[in-house]
Amino acid sequence: MKSKKLLFGLFGITLLATSCYTEVFIEDDFIVESAFNTDQVLQSYDLWYVDINATEGNGEVPFLQRAFTVSFDNGVLLANNNIVGIGKTGGGLGIDVGSYATLSGVVEIDHDIDGLWALEVYAVNNNTIELRDSRSRTSYFLNGYRRSNFDYDRVFYENITYFIQEYDAWEKTFTSEVGAINEFDDENYLQFFSDNGGVFRSSIDRTGTPLSSLQWDYEGKYEVFDTNDETLKTLTLDYDFMGNDYFELYVIDDGTIELYHVASETIYEFGGRGFVQYLKTKEANGKVDKKRVKSSNKKMNVTRQRKM
């Protein structure tokens, strides 16, 4: 009976004010019998942000593991699998990745690639639901938002490691006149991978070089750090010949990042080239599909040096 009451509580706040629904929510027992009520829960918010750090269990629901947000729109399942374009793709809801139907307290999802899944639906609080895969005993927790109050900037910074991996390369487009000369001035391209604990490559090829013609001159480790400031991320690039290069990392828009080289006080801007769209499972170039994992960024105790 507990889960029935939770579902009733979520709907009570969202829908009871509408007189045509009043009779539906008088009795708890009707909740468990009604697929309609389950569908109304899922459609009570435009976007459900998948809080990957709250996931419980050792299994995996592939399409939830890769999604930043999902939306339930009259039988159509939509997802934002990329940070690039979030807030714009599909009017903000993302791409069509499958269909869904509801039973009493259950949503049956027919994903275009991952197939059929039956997930139990629980209301945790007024804007959080739990989707539970009983087969693997794994639960995903989703936070509901309207498009008008969804904090897209926060999503970028919370998931910035995924964002910098969503382009085949980052091309240097700007170097500030202010700043001391340093060896990083020669680096014109960067590329970031998720495998092997975070690998990057760099190239000194001239800007405008076709991606297929780039010669990657160096490969090393990179790491993104959290700080006490939610809007500040830092980045280290491990160059053997010049040690760890340390930057403050800023997102200008979904195709541009800024690297502030603290030691030289130089500002660099890089533009993304070769957008990798995670439609369903694997990238077109055959690389391993992106899947989100619980955040493991280390925290760096620093203060912002870039003068904004």
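Sequence order as written defines residue numbering, which begins from 1 separately in each chain. Local features in this predicted model are restricted to residues of pLDDT 70 or higher, and side-chain atom pairs are both shown and tallied only at a pLDDT of 80 or more, whereas totals for entire chains, interfaces and linings draw on every residue. Side-chain metrics rest on all non-hydrogen atoms present in the structure, leaving aside hydrogens and water.

Looking at an unreviewed UniProt entry, one finds the protein chain named Nicotinic acid mononucleotide adenyltransferase and attributed to Croceitalea vernalis.

A few points about the overall build of the protein chain
Each helix corresponds to a stretch of at least 4 residues labelled H or I by DSSP, and each strand to a stretch of at least 2 residues labelled E; elements are numbered beginning at the N terminus. Looking only at helices and strands, one finds six helices and 16 strands in the protein chain. When accessible area is computed with a 1.4 Å probe and restricted to protein chains, residues below 20% of their type maximum are described as buried, those above 50% as exposed, and intermediate ones as partly exposed. Among the 308 residues that make up the protein chain, the fraction classed as buried is 50%. Residue exposure ignores everything except the shown protein chains as possible cover, and the areas themselves are Shrake-Rupley values with a 1.4 Å probe. As presented, the protein chain carries roughly 14800 Å² of accessible surface, and 48% of it is formed by carbon and sulfur atoms.

A few points about the nonpolar core
Phe163, Trp170, Phe184, Leu190, Phe192, Leu235 and Leu237 are the most contacted members of the largest nonpolar core, which totals 41 residues. In this structure Leu237 touches Phe184, Leu190, Phe192, Phe200, Lys221, Tyr222, Gly243, Asn244, Asp245 and Phe247, once residues within four positions along its chain are discounted. Throughout this description, the term nonpolar core refers to a set of buried Ala, Val, Leu, Ile, Met, Phe, Trp, Tyr and Cys residues connected via side-chain atoms within 4.5 Å. Residues Val41, Leu64, Ala79 and Leu142 belong to the second largest nonpolar core, which totals 26 residues. Every residue pair with non-hydrogen atoms within 4.5 Å of one another is taken to be in contact.

Describing the layout of surface pockets
Taken as a whole, the second largest pocket spans an internal volume of roughly 180 Å³. Forming the boundary of the second largest pocket are Ser176, Val178, Tyr260, Val262, Glu265, Ile267, Gln305, Arg306 and Lys307. Considering only residue class, the lining of the second largest pocket consists of four nonpolar, two polar and three charged. Cavity and pocket criteria rest on a 1 Å grid covering protein atoms alone: a 1.4 Å probe that fits but cannot get out defines a cavity, protein on both sides within 12 Å along at least 5 of 7 lines defines an open pocket, and an atom within 4 Å of a point defines a lining residue. Grid points are joined across faces, edges and corners, and a volume is the space filled by probe spheres set on the points. Any residue that is not Ala, Val, Leu, Ile, Met, Phe, Trp, Tyr, Cys, Pro, Asp, Glu, Lys or Arg is counted as polar, Gly included; the first ten are nonpolar and the last four charged.

Things to note about the pattern of salt bridges
By definition, a salt bridge exists where a carboxyl oxygen of Asp or Glu is found within 4 Å of a side-chain nitrogen of Lys or Arg. Taken as a whole, this structure holds 10 salt bridges when the rule is applied. Among the salt bridges present, the one from Asp254 reaches Lys88, with a minimum N-O distance of 2.9 Å. Taken together, the positions of Asp254 in the loop between strand 14 (243–253) and strand 15 (256–261) and Lys88 in the loop between strand 3 (76–80) and strand 4 (95–103) put the pair 166 residues apart, joining distant regions of the chain. Notably, a salt bridge pairs Glu223 with Lys298, separated by 3.8 Å at the nearest N-O pair. Pair noted here: Glu223 is in strand 12 (residues 218–225) and Lys298 is in the segment after strand 16 (266–275), with a separation of 75 residues, a long-range link. Given the relative accessible area of 26%, Glu223 is considered partly exposed.

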